[in-house]
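In case you want the letters, here they are:
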Number of protein chains: 2
Amino acid sequence: MTPAGRRGTSAALSPAAVSAIAGELRLACMRISRRVRFESTHEVPPHQFSVLARLQEAPRTPGELAEIERVSPPSMTRTVAALVERGLVARTADPSDGRQVILSLTPEARRVLREIRRRRDQWMTVRVKSLTPEEQDILRQAASILSRVAGE
Amino acid sequence: MTPAGRRGTSAALSPAAVSAIAGELRLACMRISRRVRFESTHEVPPHQFSVLARLQEAPRTPGELAEIERVSPPSMTRTVAALVERGLVARTADPSDGRQVILSLTPEARRVLREIRRRRDQWMTVRVKSLTPEEQDILRQAASILSRVAGE
DNA sequence: TATTGTTATACTCTATAACTATA
DNA sequence: TATAGTTATAGAGTATAACAATA
């Protein structure tokens, strides 16, 4: 009866133990995030990257982007203008509503996004590679749990 | 011979598998970090929080802080001025070198830091609590591995 | 008249260059 | 003369308020 681990079933952890795990995980995630951001921040500033990522999911209007990114419409106008200027975002008129503008990624933007993500993943890949197979296996299982936690 | 997991020993993962795990972990960490930051960002802006955290490690001069935070000395002057104004940082003259200034946290700053960290940890604690004991156990093991990865 | 988006203006954080005080 | 820190000034990003075009 080990305290936990290596078994198909585990005893429930004490609230204090859960808090300790949560605190350590939280801090580790924030540190990793900072390191990764620092690694790839020289191509596109964070707020521009965030908008590009949203537009990769689907074309959107400036108003939608402002709401999603929790930023004011004038700020989004400015950010979008910078991205259009850089040739990363294309503007097209909405055929059914003349007030709206449809924003979408250019091929160049898709290339830039791929490159940034590749570099970010590489930072983490190098570190996971250096772990033992047992540690890698724990992280394999943790990855799907943390994805679920992050997505909630 | 299971592909991986539940055993004391694991087979080495393929490079592609390692990359996939790293990518998923990286993304999850960044999402969690963003959520946590959003949760507690209303007390002190990020750059001020970062300086307070550095000063909690040890009292430092403005120049040291500027170098650590990779920011220009004038920017640090400004950030420090705001923190002094808010009563979170105290300035004392260096007795051995009249050009330098020693910055340290006030008791109020320690209280604010505790409160911010408490709220951040709480966000994560709530989510870890909702997992099964088996999942919690995986995260318990993952936490120490990720801490090591983050600290490198 | 309401909605979408932009322009006008101001505040904050960042930077580089110039300046003051001390070593 | 070199170093620590501040002040002067300018460049992004954010915001609110006012405006133009369309529904």
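Everything that follows concerns the structure shown earlier in this document.
Asker: What should I look at first to understand the protein's contact with DNA strand C in this one?
Answerer: In the vicinity of DNA strand C, 21 residues are found, and the nearest of them are T77 and R91 of chain A together with S72, S75 and R78 of chain B. In DNA strand C, atoms within 4 Å of the protein come 67% from sugar and phosphate. At a separation of 2.6 Å, a phosphate oxygen of DNA strand C approaches a polar side-chain atom of S75 of chain B. G98 of chain B is positioned with one of its backbone polar atoms (N or O) 2.9 Å from a phosphate oxygen of DNA strand C. Listing elements by their share of the surface near DNA strand C, those giving two or more residues are α3 (62–68) and α4 (73–85) of chain A together with α4 (73–85) of chain B. Class assignment for the residues of the surface near DNA strand C results in six nonpolar, nine polar and six charged.

Asker: Would you explain the interface of chain B and chain A in this entry?
Answerer: How big an interface is tends to be stated in terms of accessible area lost as the parts join. Contacts between the two partners involve 60 residues from chain B, matched on the other side by 60 residues from chain A. Of the roughly 5900 Å² buried between chain B and chain A on both sides combined, carbon and sulfur atoms contribute 66%. When residues of chain B are sorted by the area they lose upon contact with chain A, R26, M30 and V149 of chain B head the list and together hold 10% of the total. One can count four salt bridges joining chain B with chain A. Among the ionic pairs, R26 of chain A bridges to D121 of chain B, the shortest N-O distance being 2.9 Å. Across the contact surface, chain B and chain A share six residue pairs in polar contact (both at pLDDT 80 or more). Looking at the side of chain B that touches chain A, the elements that each hand over two or more residues are α1 (15–39), α2 (46–57), α5 (107–129) and α6 (133–151) of chain B. Taken together, the residues of the side of chain B that touches chain A sort by class into 27 nonpolar, 13 polar and 20 charged.

Asker: Got a minute to help me understand the packing of helix α1 (residues 15–39) of chain A against α6 of chain B in this structure?
Answerer: Packed helices, taken two at a time, are described by their axes: the angle between them and the distance between them. Contact geometry for α1 of chain A and α6 of chain B: axes closest at 8 Å, N-to-C directions at 40°. Between α1 of chain A and α6 of chain B, the angle falls in the class oblique. In terms of crossing hand, the pair formed by α1 of chain A and α6 of chain B is left-handed. Contacts from V18, I21, E24, L25, A28, R31, I32 and R35 of chain A in α1 of chain A reach Q136, L139, R140, A143, S144, L146, S147, V149 and A150 of chain B in α6 of chain B. For the contact of α1 of chain A with α6 of chain B, the residue count by class is 10 nonpolar, three polar and four charged.

Asker: For this particular structure, what's the right way to read the pattern of salt bridges?
Answerer: Once their charged atoms are close, side chains differing in charge can pair, the charge on each being opposite to the other. All chains considered together, the criterion is met by 22 salt bridges over all chains. Where R118 of chain B meets E115 of chain B, a salt bridge forms, and the shortest distance between an N and an O atom there is 3.0 Å. With R118 of chain B and E115 of chain B both in helix α5, this residue pair falls three residues apart, about one helical turn. We classify R118 of chain B as partly exposed; its relative accessible area is 43%. Accessibility expressed as a relative area gives 23% for E115 of chain B, which makes it partly exposed. In this structure, a network of salt bridges that share partners links the residues E43, E115, R118 and R119 of chain A.

Asker: Help me understand the side chain of T106 of chain B in this model?
Answerer: Residues and elements named next belong to chain B. Along the chain, the position of T106 falls in the loop between β2 (101–105) and α5. Within the structure, the side chain of T106 is placed 2.7 Å from the backbone oxygen of G87, a separation counted as a polar contact. For T106, the residues in contact, after removing those within four places along its chain, are G87, L88, V89 and A90.

Asker: What should I look at first to understand the environment of E64 of chain B in this one?
Answerer: Residues and elements named next belong to chain B. Its location among the elements puts E64 in helix α3 (residues 62–68). Placed 12 residues apart in sequence, E64 and M76 show a C-alpha to C-alpha distance of 9.7 Å. At 3.1 Å, the side chain of E64 and the backbone nitrogen of T61 are in polar contact.

What counts and what doesn't
Residues numbered from 1 in each chain as written. Chains lettered and ligands numbered in written order. Predicted model: local features only at pLDDT ≥ 70, side-chain atom pairs only at ≥ 80, totals over all residues. Heavy atoms only, no water. Near = heavy atom within 4 Å. Polar contact = N/O pair within 3.5 Å; in protein donor to acceptor, adjacent residues only side chain to side chain. Helix = DSSP H or I, 4+ residues; strand = E, 2+ residues; numbered from the N terminus. Nonpolar A, V, L, I, M, F, W, Y, C, P; charged D, E, K, R; others polar. Contact = heavy atoms within 4.5 Å. Buried area = accessible area lost by both parts, 1.4 Å probe. Salt bridge = Lys/Arg side-chain N within 4 Å of Asp/Glu carboxyl O. Axes fitted to C-alpha atoms, helices over the stretch in contact; angles between N-to-C directions. Parallel < 35°, antiparallel > 145°, perpendicular 65-115°, else oblique. Left-handed = near helix turned anticlockwise from the far one by under 90°. Buried < 20%, exposed > 50% of the residue type's maximum accessible area, 1.4 Å probe, protein only.

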